[in-house]
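Coordinate inspection notes
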Amino acid sequence: MFYCSTYLFYVILLHSINALSDLYLYNTNEINTLQYHCFNLPIVEEISSISTFELISYCLNEQSFEFHIQPNGYNSNYSFIELSKRNITSDDLYSWFAPIDIIERYQSYLDELLPSSEGKEIFYNCTKERFGSMCQYEMKDIESMIDIINSMKSFYQNTKPFLHSLTCYISLQCYRGSSCLDWSEICDGKIDCLDGSFDEEYCSQIEINDPIYELMSEYDTVKSILPSVLIEDAKCRDLPLTSSCILGRQEKLFEELFSINDEYVSDDCWSAFKCILPIPDKFRSICNHFCERSECLEIINDECPPMFNIPIIPILFGNIYFAYEKSDSINFNSTNFQDPYICYNNSLYDKYFIDNQMVFFNHRKCYRIFISKFPSTSIRFFDLDYLQLIYNKFKSYMKSINYISHNDYPIIHCSNDNQILNMNNRFLHDGEFMYYLCNNDSQAKKHRIPFEMICDRNINLLPRLINGQNETDETECDSWSCNNIHTYCNGFWNCFNGDDELGCTKSLLLNSCSYDEYTCISIHTKQMICLSIKKINDRQIDCLDGSDEPIVCKENHCINITNLCENWNNSSMKNIRPELNFLSNNIISTSVQQSIQTHLCKQEKLNTKMIGKRFENKIECHRGYPIHIWLNHDESTYICFCPDSYYGKTCEYQNERVSLSFQIHSYSDSRQTPFEILIQLIDNTNERIIHSYVKFTYLFVRDCKIKFYYYLLYSTRLKDQNKIYSIHIDIYEKKSSNYRGSLYFPILNNFLPVHRLNLTIQIPPIDFNGKKCSKNQCIHGKCIKYSNNDKTFCQCYPQWSGQYCSISYSFNYKCSSDSKSLGIDAQNRSICMCPLYKFGRRCFLKDIQCQSNNTEICNNHGECIPTDLNRQLSYTCICSKGYNGDHCQYENNEINLSFEKKFHFLQTIFIHFIKTEKTFISNRITTFKTISSMKDLINIHWSISINLILIEDFKKNYYFIISQKLSFDKVKLNKQVKLTDRCLHLNELFNPTIVQYHFLHRIKYYQLPCQNSTLLCFYDNVYLCLCYKHNNGQYLTNCFLFNHTTKVNCSDENECTNGGQCFQLGSECLTKSTCLCHSCFYGRRCQFSTSGFSLSLDNILGYHIQPTINLIKQSNIIQISIILNIIFTLIGLINGLLTLITFKNKSLRQVGCGLYLLSSSITILIIVILFALKFWILIFVQISQISNRLFLQIQCITLDYFLRVFLHMDQWLNACVACERAITIIKSVRFSKRKSRKIAKIIISFILFFNILTFIHEPIHRHLIDEIDEDENEKRIWCTVTYSSSNLQTYNSFIHTFHFFAPFIINFVSALILVTKKSRQQSNIQIKRSFKGILRENYQEHKHLFLAPVLLVILALPRLIISYISKCMESINDSWLFLCGYFISFIPAMLTFLIFVIPSKFYKKAFHKTIIQYRRNIQRGYRCVFRV
């Protein structure tokens, strides 16, 4: 029974619920706040090469009309308890378009986060076209968000925003007559306040013409009817009456100009003169039918003074008044336009009127202005166009503009980037470039002479004398075929016999003509015909336009097909040629006419535009939107929902606000990572209030070409001028919730009402360091450094806020348990970061976009990423390697390259992916590949549209790989590159005479090389030329402009460090960046260095180790390294154990030397163990057999560090041995063994701690780096050390050198003192012997004391020399040299026994005794065992 009732409930509920689709209200809990009952309007536009996304929020505000809403009997309602009993989920409410707040509260109730009393809250299920918490709002004929957007566009298109009044910025006290101040009129360089220059008061602090406020040239104000940031927050400074870009404001201001009467002029005079002014009909309300013309003249004659101002207020620039004489009305009455007097009270315009007669009126200089732009026959009006004309003249006068005259240059139509749209002109040239003027610019332009213009039988270059010969594009064309890829089927006979147009047209009226027939309109039958090639150039015109007789048409005028096409829609074809009458008279069928038009003109039919329905406006909402609101079952009215930039009952007031426009960039390591971006408007108070924020998910592969537009509002209606505001941006990884970084952007000039910021948000790389800072002001948080500057801030722990995280807070609404709280806003509401598949302000709602029944949304193991609630996209697929498409359904193109054995490439080649059109390269992407000696093939994947692949080596040799007419599509190719594939340089093809010709002469020989059918391509310093086989069997040349120097194509997104060159492969948002590193650097972003003292096994062997390959199959350098490591480890262990055995003898430890050498033996064993661990861990990590992150982190920090510490400690211990020997000689009989032992223990401890402390900076700056290679086939984990400052690098170099030379000097000096002192003592006793002889004898006895430190230094010297002289490991080929230096530096630690024990009879004797003792102990142990 329960299931039946539940089913019945669903049926009733689903039947009744047909609410407004895609429209979700939010902020329905708060009433009478600054913004409540809001909904979002997502707007996507295509502007130039980017897409724009803007979220326009419409809300009620604290000044909106208040209504008491009663439940509507048509709408059923259910309590949360009832919904819960029926197993209704929050997903159900979301699918029924309930307000977001209600859905989240219901989910909180289900999760038992709300008290049981909240279960009585009512959910109203709305019927069709209704929405709201009580279904009180209504929109008719709406079923989707697209319908909502179209309906609102229709409303704005058909409704005047300023029908009765203007929108006003009221925070600045400014008297402007019957009108009011607009925010855009503050700091626009024009005084608009009549009671003072308040609107320009502080403007000297800013750049008035800041381009960020300019209206985008691509943005059409006619089409921009919605209250978008791009129009609302732009300044149109070239308008005479306002700087607002909103249509209708200037017209309303023009009407308002005449609403203020002059107190010195009678009302009748004022009204009569307004009626006599030639004002257009749309402004006739200014006159208000006060009088007719003759009656007006009488009133003016009787009531008006001889001269007066009209309007009474300044019209232009805040200081120019208009004045008229009474007699001017006579001219107006006779329809003769009379220019006014220009009056001003300064000297700004004196030079403009230097030749005019001045009249002094009302304490102002007045000059009659004469506008000559209008023809005398034109009817002129006193209107906005007339004001604009005067405004432009004076603005031009106040600017110093230097125009360059280029009278001889052709003026042609250009694109927005000044590129030539039509080459059919006659250009001046210099033999290499041609020169022209664009119709929209007075600056001369130059363009390299295009290859397709050469020898096409159409003269485009004017003759110019070059090297004694007149040169054009059509001289010296003997070797040039008239039928080539550029002339074939271009609609023009470049060959006199029309050979280049044969077989080109396929008419709907005829079956296809044969190859030797030409399609045209018969001059006799007026029908489409196939004309035999034999009838061409027979001096008998057979085609209507004479195209079959180009020679005759040169002598006589023939019909121009261009004129036919341009005048196709003219009602009378007689204007072109009488023969064309048949087109309208004889051919009645529309389809036939369209066929001919398509055949001749190649035009497409124009698309008709839909005209929106007119909206019946019941209330003036200015730039807001009126929505029907039901008060109860029977009563309804309209209420204004205001966009962010307005507030008030009718949206009549302008908000103070910050409008953001930004694009987001991410490094290649993060382009498939979804991020949560939190942008906050904060102040500098101790509370650090978050006034407002926007939060959204960013995914590079989806959003890289999008420019975002958002508003941020202050938490109070009027901002506090004493506070400093700024933009704070936090970036988190969406999947893991890991913090990535923060950015800071200050807001300057607090007095401005609208701040428009154009930002670039760079997401820090995954290995971004330097996040933390050392400040300790953060009480309950941590100090973080911004990634885009040196400023810091406190990142607070949960439930703490404020500038120093000192303020505890409790929030009104908690985030869901699986989300992350990022703080609270000014209304004490939590700011929550949701998991990837949850959404909502509090993250209680599940996102089911990526859930599908029994089907895989993203194919081929692609990952589905849901989009934000307010985005019109549903989800995005992140494709696995080798696939592309919206659903990852397509395979990428692939080519495997191998090379002839004759090739001797360097390590790196460039690969050029090129998309060629007939005349130009439309797309070119360059990347690089490293050729490994361990791999036979280079594998390349791509998904971009290309049809040509070249490779280039470092010697600038190009090799042709493959080419075809159409783009490659899902191909898998194999290609062996041969030396014969090389593109030859011009110098290798032509003799020096031709090479020395100037460009225009030389290029006419470029068809000759390709006549050799084996040549694939050639190039010069400008062009890349390809050989192709034309349809007539000839081998011809096609050349493209090709930049031979620029390969770096990452533009502003260069993520390579240390001077690396950035390359991108892929299309649009699917680009992947790779870095070509300079010598001494490596890594995906060239972030690792092989220079100086950071040299380690990671740098030397890392890239030689092949992942997932068995040790036996590794490269030679790895196998030899393994052998050396085993040998060194065994020798080191033997040396350390023998030394330890020797100095375990107590008799040797009676003095400090024994303790030093015992410590040295222990140190040696530690070094050997660390050395072996370091080597084998590196091997297994790179082979990917060790992946435990914690283990890798620990070994990264400790192994190299302790190796360095103990290596240098061993050197210091050796120095201490030498030092004590010298002291023994000096002290002689006064030497104390007990004191020596005591000092030795202290020194050993000191040396240990001294080494640890002096090298402590190294583990601090060591960290792990994950690197994915350019093909993403291999993942490597690197342990690297990066010093944050040059001072630290200098310290590191100094301390390394100090630890190297100091022990050596102590060793050497100690040996010298020992020998010298001993010789001196002996010479004092043995008087008869010479000091030199004794010294020589002692040197021979103790020479091992000199040789030992010298030998140790020599063995350790290679590493130091390499560090200083070679600077870095410049290539993998240097690895052998560096590997030798690395291993040799460990030899001194393995020679302790040989250096100290073997040469000493005393130590050797003690060693033998210890060995004998060990042997006896072993034998005794054996005997005991055997007895048992």
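The structure this text deals with has already been given above.
Presented here is an overview of the structure given in this document. Keep in mind the model is a prediction, meaning the values are calculated, not measured.

**Brief notes about the state of the cysteines**
In total, this model carries 24 disulfides according to the counting rule given. One disulfide in the model links Cys38 with Cys59; its S-S distance is 2.0 Å. Judged by the torsion about the S-S bond (120°), the Cys38/Cys59 disulfide is right-handed. A residue pair is termed long-range when its members are at least 10 positions apart, and Cys38 in strand E1 (residues 36–47) and Cys59 in strand E2 (residues 50–60) qualify at 21 residues. Neither residue differs from the other here; Cys38 and Cys59 are each classed as buried. A disulfide bridge connects Cys642 with Cys651, and the sulfur atoms are separated by 2.1 Å.

**Quick notes on the nonpolar core**
One finds Phe254 and Phe382 to be the most contacted residues of the largest nonpolar core, which totals 61 residues. Looking at which element gives the most residues to this core, the answer is helix H11 (residues 384–398), with seven residues. Once residues lying within four places of it in the same chain are set aside, the contact partners of Phe254 are Leu241, Ile279, Phe283, Ile286, Phe382, Asp383, Leu384 and Leu387. Membership of the second largest hydrophobic core comes to 59 residues, among which are Phe1143, Cys1153, Ala1389 and Phe1407.

**Some remarks on helix H4 (residues 100–110)**
Side chains three or four residues apart in an α-helix point the same way, a direct result of the helix having 3.6 residues per turn. Extensive coverage of H4 is indicated by the burial of ten of its eleven residues. Looking only at H4, the buried set comprises Ile100, Asp101, Ile102, Ile103, Glu104, Arg105, Tyr106, Gln107, Ser108 and Tyr109. As for H4, its buried residues are in contact with helix H2 (80–85), helix H3 (90–95), strand E4 (122–124), strand E37 (838–839) and strand E38 (845–846). Of the residues one or two after H4, Glu112 is the one with positive phi, at around 60°.

**Some remarks on the pattern of salt bridges**
Enumeration over the complete set of coordinates arrives at 34 salt bridges. Residue Arg448 is joined to Glu432 by a salt bridge in which the shortest nitrogen-to-oxygen separation is 2.7 Å. Placement of the pair is Arg448 in strand E15 (residues 444–448) and Glu432 in the loop between strand E13 (428–429) and strand E14 (433–438), with a sequence separation of 16 residues. Among the residues examined, Arg448 registers a relative accessible area of 17% and is labelled buried.

**Focus on the side chain of Lys395**
Within the element layout of this structure, Lys395 appears in helix H11. Since its relative accessible area comes to 19%, Lys395 is described here as buried. Polar contacts involving the side chain of Lys395 include one to the side chain of Asp238, which spans 2.5 Å. Residues within four places of Lys395 in sequence aside, it is in contact with Arg237, Asp238 and Phe317.

**Remarks on the environment of Arg982**
Tracing the backbone through its elements, the reader meets Arg982 in strand E50 (residues 982–985). On the accessibility criterion, Arg982 (23% relative accessible area) is partly exposed. Distance in space between the C-alpha atoms of Arg982 and Glu952 is 9.3 Å, their sequence separation being 30 residues. When near neighbours in sequence (up to four residues on either side) are disregarded, Arg982 contacts Asn957, Tyr958, Tyr959 and Glu988. A polar side-chain atom of Arg982 sits 2.9 Å from a polar atom in the side chain of Glu988.

**Some words on a negative patch on the surface**
Taken together, the side chains of Asp267, Asp268, Glu292, Glu295, Glu298, Asp302 and Glu303 define an acidic patch exposed on the protein surface. Of all the secondary-structure elements, those providing two or more residues to the negative patch are helix H8 (267–276) and helix H9 (293–303). Examining the composition of the negative patch, we find that four residues originate from one element, H9, more than from any other. Mapped onto the fold, Glu295 is located in helix H9.

**Describing the packing of helix H21 (residues 1116–1143) against helix H22 (residues 1152–1182)**
At their nearest, the axes of H21 and H22 sit 9 Å apart, and the two run at 160° to each other. The orientation of H21 with respect to H22, classified from their angle, is roughly antiparallel. Crossing handedness for the pair H21 and H22: left-handed.

**Some details on a nonpolar patch on the surface**
Together, Ile1226, Phe1301, Ile1305, Val1309 and Ile1313 make up a nonpolar patch on the protein surface, roughly 380 Å² of accessible area in all. Considering each element in turn, the nonpolar patch owes the most residues, four residues, to helix H26 (residues 1286–1325). With respect to the helices and strands, Ile1226 occurs in helix H23 (residues 1189–1227). Given the relative accessible area of 38%, Ile1226 is considered partly exposed.

**Re the sheet that holds strand E11 (residues 364–368)**
As a general point, the strands of a sheet are linked pairwise by backbone hydrogen bonds and lie either parallel or antiparallel. Taken in spatial order, the five strands make up an open sheet running E7-E8-E9-E11-E10, and their pairing is antiparallel. Every interior strand has two partners, whereas the edge strands, strand E7 (307–309) and strand E10 (358–361), have only one. Geometrically, the sheet is characterised by an average inter-axis angle of 35° between neighbouring strands, direction not taken into account. One ladder, built from four bridges, connects E10 with E11; its direction is antiparallel. Its bridge partner lying in E11, Met358 is registered against Tyr367.

**A word on unusual backbone geometry**
A cis amide bond links Ile310 to the next residue, Pro311, at an omega of -5°. Mapped onto the fold, Pro311 is located in the loop between E7 and strand E8 (321–325). In this structure, Asn860 is a non-glycine residue whose phi angle is positive, near 55°. Not every positive phi belongs to a glycine, and His861 is a case in point at roughly 65°. The topology assignment puts His861 in the loop between E38 and strand E39 (863–866). Using a relative accessible area of 74% as the deciding quantity, one classes His861 as exposed.

**What to know about the sheet that holds strand E46 (residues 938–942)**
If you walk across this open sheet you meet the three strands as E46-E43-E49, and the pairing is mixed. The open sheet is flanked by E46 and strand E49 (972–977), the only strands paired with a single partner. For this sheet the average axis-to-axis angle between neighbouring strands, irrespective of direction, equals 20°.

**Comments concerning the environment of Thr1282**
Position of Thr1282 among the secondary structure elements: in the loop between strand E59 (1275–1281) and H26. Remark: the alpha-carbon pair of Thr1282 and Ile1260, spanning 22 residues in sequence, is separated by 9.6 Å. Discounting residues that sit within four places of it in the chain, Thr1282 has contacts with His1261 and His1263.

**Quick look at the packing of aromatic side chains**
Counted under the stated rule, the structure contains 67 aromatic pairs. Summarising the aromatic geometry, the rings of Phe317 and Tyr391 are spaced 4.9 Å apart at their centres and angled 15° between planes, so their arrangement reads as stacked. On the criterion of sequence distance, the pair formed by Phe317 in the loop between E7 and E8 and Tyr391 in helix H11 is long-range, its members being 74 residues apart. When its relative accessible area of 2% is taken as the criterion, Tyr391 is described as buried.

**Brief notes about a positive patch on the surface**
A cluster of basic side chains, namely Lys1227, Arg1230, Arg1234, Lys1235 and Lys1238, defines a positive patch on the protein surface. The biggest single contributor to the positive patch is helix H24 (residues 1233–1254), with three residues. Structurally, Lys1238 can be placed in helix H24. With a relative accessible area of 55%, Lys1238 lands in the exposed category.

**Some remarks on the pairing of strand E20 (residues 625–630)**
The buried fraction of E20 is high, at six of six residues. Residue alternation in E20 divides its side chains into two sets, Tyr625, Ile627 and Ile629 and Pro626, His628 and Trp630, and both sets are buried. Pairing of strand E6 (residues 137–138) with E20, which is carried by two bridges, proceeds in the antiparallel orientation. Each bridged residue has a counterpart across the sheet, and for Glu138 the counterpart in E20 is His628.

Cut-offs and rules
Residues numbered from 1 in each chain as written. Predicted model: local features only at pLDDT ≥ 70, side-chain atom pairs only at ≥ 80, totals over all residues. Heavy atoms only, no water. Disulfide = S-S within 2.5 Å. Helix = DSSP H or I, 4+ residues; strand = E, 2+ residues; numbered from the N terminus. Buried < 20%, exposed > 50% of the residue type's maximum accessible area, 1.4 Å probe, protein only. Core = buried A, V, L, I, M, F, W, Y, C linked by side-chain atoms within 4.5 Å. Contact = heavy atoms within 4.5 Å. Salt bridge = Lys/Arg side-chain N within 4 Å of Asp/Glu carboxyl O. Polar contact = N/O pair within 3.5 Å; in protein donor to acceptor, adjacent residues only side chain to side chain. Patch = residues over 30% accessible without salt bridge, like charges linked within 9 Å, V, L, I, M, F, W, Y side chains within 5 Å. Areas by Shrake-Rupley, 256 points an atom, 1.4 Å probe, with all protein chains shown as cover. Lys, Arg positive; Asp, Glu negative; His and termini not counted. Charge placed at Lys NZ, Arg CZ, Asp CG, Glu CD. Axes fitted to C-alpha atoms, helices over the stretch in contact; angles between N-to-C directions. Parallel < 35°, antiparallel > 145°, perpendicular 65-115°, else oblique. Left-handed = near helix turned anticlockwise from the far one by under 90°. Pairing = 2+ DSSP bridges. Phe/Tyr/Trp six-rings, centres within 6.5 Å; stacked < 30°, edge-to-face > 60°.

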